[in-house]
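Spelled out from the first residue to the last, the chains are:
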Amino acid sequence: MDRNDGVRSILAAYQDAIRAADLSDPVGFDGDHVLTGKSGHKLFGVLQRFGQLWEGKDDACYLEVGVFQGLTLLSVAGAAPRLRSFGIDNFAFFDPNGKNSNIVESRMQDIGVENATIINMDYEDALETFESYCGERKIGVYFVDGPHDYRSQLICLSLALPHLHEQSIIVVDDSNYNHVRQANADFLRTNADWKLLFQAYTPEHPSAMTEGQREEARRGWWNGVNVLVRDPSDQLERVYPPTLRSRERFENDHTVHASRISELAPTALRAADSMLRWNPLSFLRQRVLLEREYRARKRIIRERHRGINTESSALTSGDLTPLRKGVAP
Ligand SMILES: C[S@@+](CC[C@H](N)C(=O)[O-])C[C@H]1O[C@@H](n2cnc3c(N)ncnc32)[C@H](O)[C@@H]1O
């Protein structure tokens, strides 16, 4: 079998797994009824099937960023018990009472999952030191479902590159969002041996749907999915997730970053929106929140310019990087 045949059979196995997940239920296992979370049935069904393709391979593991209460991590670990599985989450979001880490650990015990490890860290720190967890293993299946801002999406993909197995597959959740698709498209454009294998979207976020539509999304791919695969011998057509041609929102990043009140941007946006909708009650609420956030950062905000903040005051005025020790000049 030449190398192309090898790649073709792996691609075919991944394609079969996607078709199976699209047509049938998630893979059942003891205790799966305990699991609830924020992902669609087809989505974790496909993750399980991808995981099963890697079962028993000692040089591989499953990794996800964004565990929440463990639905996807434990569904994969439960359906592929001979696959080492890791989940990175700093439990900083959707966790007002700080309970999610304990929920995942106790679910693991309740359903008898022994092949999953939680890495309670920010994804950037965790990916930079991932070999201290995975040892010699490379990531066979990588699920990206953490912070959804453009940079985090792109960095989740880029920092994982050195840890990915040469036949690995990446699943990116929440690809309904234009900025998530843009990060995937930018990753694909700058890493030519990666291709888009599958994409599925819904016309809007499930939270904006009717209960009936939402139930359908829950049984399906939830908030859109992109599946990326390494295709070193160029067997798949080159397709990119569609994105808006206008880059205006990404360009707005510069204004936000350089503003003296950049950290207040989300509340300021909500305040402006309630003003535009002429909703005085909501506006007042946001105004109070803005005041509170402003007071908490008053000292630092007052030291800044209104815009053009560069955060460069402590930086060198000229610094040549030396050659590494032992490199002849
Ligand atoms: C949508 S939830 C994940 C849903 C989960 N996959 C499931 O099956 O239900 C997103 C998770 O990403 C985590 N997260 C957000 N920013 C993070 C960061 N910088 N580092 C690590 N985890 C982060 C949040 O704490 C949250 O639990």
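Model, not experiment: these values are computed from the prediction. (Residues numbered from 1 in each chain as written. Predicted model: local features only at pLDDT ≥ 70, side-chain atom pairs only at ≥ 80, totals over all residues. Heavy atoms only, no water.)

S.K.: So, the site of the ligand: which residues are in play, and what are the values?
M.R.: In the vicinity of the ligand, 21 residues are found, and the nearest of them are K38, G66, D89, D122 and D145. Note that a nitrogen atom of the ligand is positioned 2.8 Å from one of the side-chain N or O atoms of D145. In isolation the ligand offers 610 Å² of accessible surface; the protein chains occlude 96% of this area. With respect to the pocket detection grid, the ligand is positioned in the second largest pocket. A per-class count over the shell around the ligand returns 11 nonpolar, six polar and four charged. (Near = heavy atom within 4 Å. Polar contact = N/O pair within 3.5 Å; in protein donor to acceptor, adjacent residues only side chain to side chain. Areas by Shrake-Rupley, 256 points an atom, 1.4 Å probe, with all protein chains shown as cover. 1 Å grid on protein atoms, 1.4 Å probe; cavity = no way out; pocket = protein on both sides within 12 Å on 5 of 7 lines; lining within 4 Å. Sits in = over half its atoms within 2 Å of the grid points. Nonpolar A, V, L, I, M, F, W, Y, C, P; charged D, E, K, R; others polar.)

S.K.: Any details on unusual backbone geometry? Residues and values, ideally.
M.R.: If you check the backbone angles, W222 has positive phi at about 60° while not being a glycine. Structurally, W222 can be placed in the loop between α9 (211-219) and β7 (225-230). Phi angles above zero are rare outside glycine, and E311 is one such case at about 55°. With respect to the helices, strands and loops of the structure, E311 is situated in the segment after α13 (298-302). (Helix = DSSP H or I, 4+ residues; strand = E, 2+ residues; numbered from the N terminus.)

S.K.: So, the pairing of strand β3 (residues 116-119): which residues are in play, and what are the values?
M.R.: Summarising the sheet, strand β2 (residues 84-88) and β3 pair through four bridges and their orientation is parallel. Residue pairing for β3: S85 is matched across the bridge by A116. (Pairing = 2+ DSSP bridges.)

S.K.: Account for the pattern of salt bridges, naming residues and giving values.
M.R.: Scanning the model with the defined rule gives 15 salt bridges in all. Here K195 makes a salt bridge to D231, at a shortest N to O gap of 2.7 Å. Remark: D231 occurs in the loop between β7 and α10 (248-258) and K195 occurs in strand β6 (residues 194-200); sequence separation between them is 36 residues. Overall, the relative accessible area of 2% leaves D231 in the buried class. With a closest N to O distance of 3.7 Å, E291 and R295 form a salt bridge. (Salt bridge = Lys/Arg side-chain N within 4 Å of Asp/Glu carboxyl O. Buried < 20%, exposed > 50% of the residue type's maximum accessible area, 1.4 Å probe, protein only.)

S.K.: A description of the layout of surface pockets should follow, citing residues and the corresponding values.
M.R.: Put simply, the largest pocket is a space of about 1100 Å³. Around the largest pocket sit 22 residues that line it, and D253, V256, A265, P266 and L269 are the ones nearest its centre. The set of elements that each furnish at least two residues to the lining of the largest pocket consists of α7 (150-160), α8 (178-190), α10 and α11 (265-276). Tallying contributions element by element places α10 first for the lining of the largest pocket, with seven residues. For the lining of the largest pocket, the per-class residue count stands at nine nonpolar, seven polar and six charged. A domain split of the lining of the largest pocket shows at least three residues from each of domain 1 (3-230) and domain 2 (248-302). The volume enclosed by the second largest pocket comes to roughly 850 Å³. Class assignment of the residues belonging to the lining of the second largest pocket gives a composition of 13 nonpolar, 10 polar and seven charged. (Points joined across faces, edges and corners; volume = space filled by probe spheres on them. Domains from an automatic or database assignment.)

S.K.: Give me the packing of α11 against helix α12 (residues 280-296): which residues, what numbers.
M.R.: The description of two helices packed together rests on the angle between their axes and the distance between the axes. Running from amino to carboxyl end, α11 crosses α12 at an angle of 155°, the nearest separation of the two axes being 8 Å. Judged by the angle between their axes, α11 and α12 are roughly antiparallel. Note on packing geometry: the crossing formed by α11 with α12 is left-handed. Taking contact as the criterion, the partners of T267, A268, R270, A271, S274 and M275 in α11 are, on α12, S282, F283, Q286, L289, L290 and E293. When its residues are assigned to classes, the contact of α11 with α12 shows six nonpolar, four polar and two charged. (Axes fitted to C-alpha atoms, helices over the stretch in contact; angles between N-to-C directions. Parallel < 35°, antiparallel > 145°, perpendicular 65-115°, else oblique. Left-handed = near helix turned anticlockwise from the far one by under 90°. Contact = heavy atoms within 4.5 Å.)

S.K.: For the packing of aromatic side chains, give the residues involved together with the corresponding values.
M.R.: Within this structure, the stated rule accounts for six aromatic pairs. Look at Y14 and F50: their rings are 5.2 Å apart centre to centre, the planes differ by 85°, and that puts the pair in the edge-to-face class. Note that Y14 is positioned in helix α1 (residues 3-23) and F50 in helix α2 (residues 41-53), a separation of 36 residues in sequence. With respect to burial, Y14 and F50 carry one shared label: buried. With 5.2 Å between their ring centres and 70° between their planes, Y150 and F250 make a pair best called edge-to-face. Pair noted here: Y150 is in helix α7 and F250 is in helix α10, with a separation of 100 residues, a long-range link. F250 sits in the partly exposed class, given a relative accessible area of 21%. Sitting over the face of the ring of W54, K57 holds its NZ or CZ atom 5.3 Å from the ring centroid. The ring of Y240 carries the charged tip of R189 above its face, separated from the ring centre by 3.9 Å. (Phe/Tyr/Trp six-rings, centres within 6.5 Å; stacked < 30°, edge-to-face > 60°. Lys NZ or Arg CZ within 6 Å of the ring centre and 35° of its normal.)

S.K.: I'd like to hear about the domain arrangement of the chain, residue by residue, with values.
M.R.: When its domains are assigned, the chain resolves into domain 1 (3-230) and domain 2 (248-302). Here domain 1 and domain 2 have C-alpha centroids that lie 33 Å from each other.

S.K.: Give a detailed account of the packing of α2 against helix α3 (residues 71-79), specifying residues and quantitative values.
M.R.: Packing of α2 against α3 leaves a shortest axis separation of 8 Å and a crossing angle of 40°. Between α2 and α3, the interaxial angle falls into the category oblique. Pair α2 / α3 crosses with right-handed handedness. Contact residues: α2 offers F44, L47, Q48, G51 and Q52, while α3 offers L71, T72, S75, V76 and A79.

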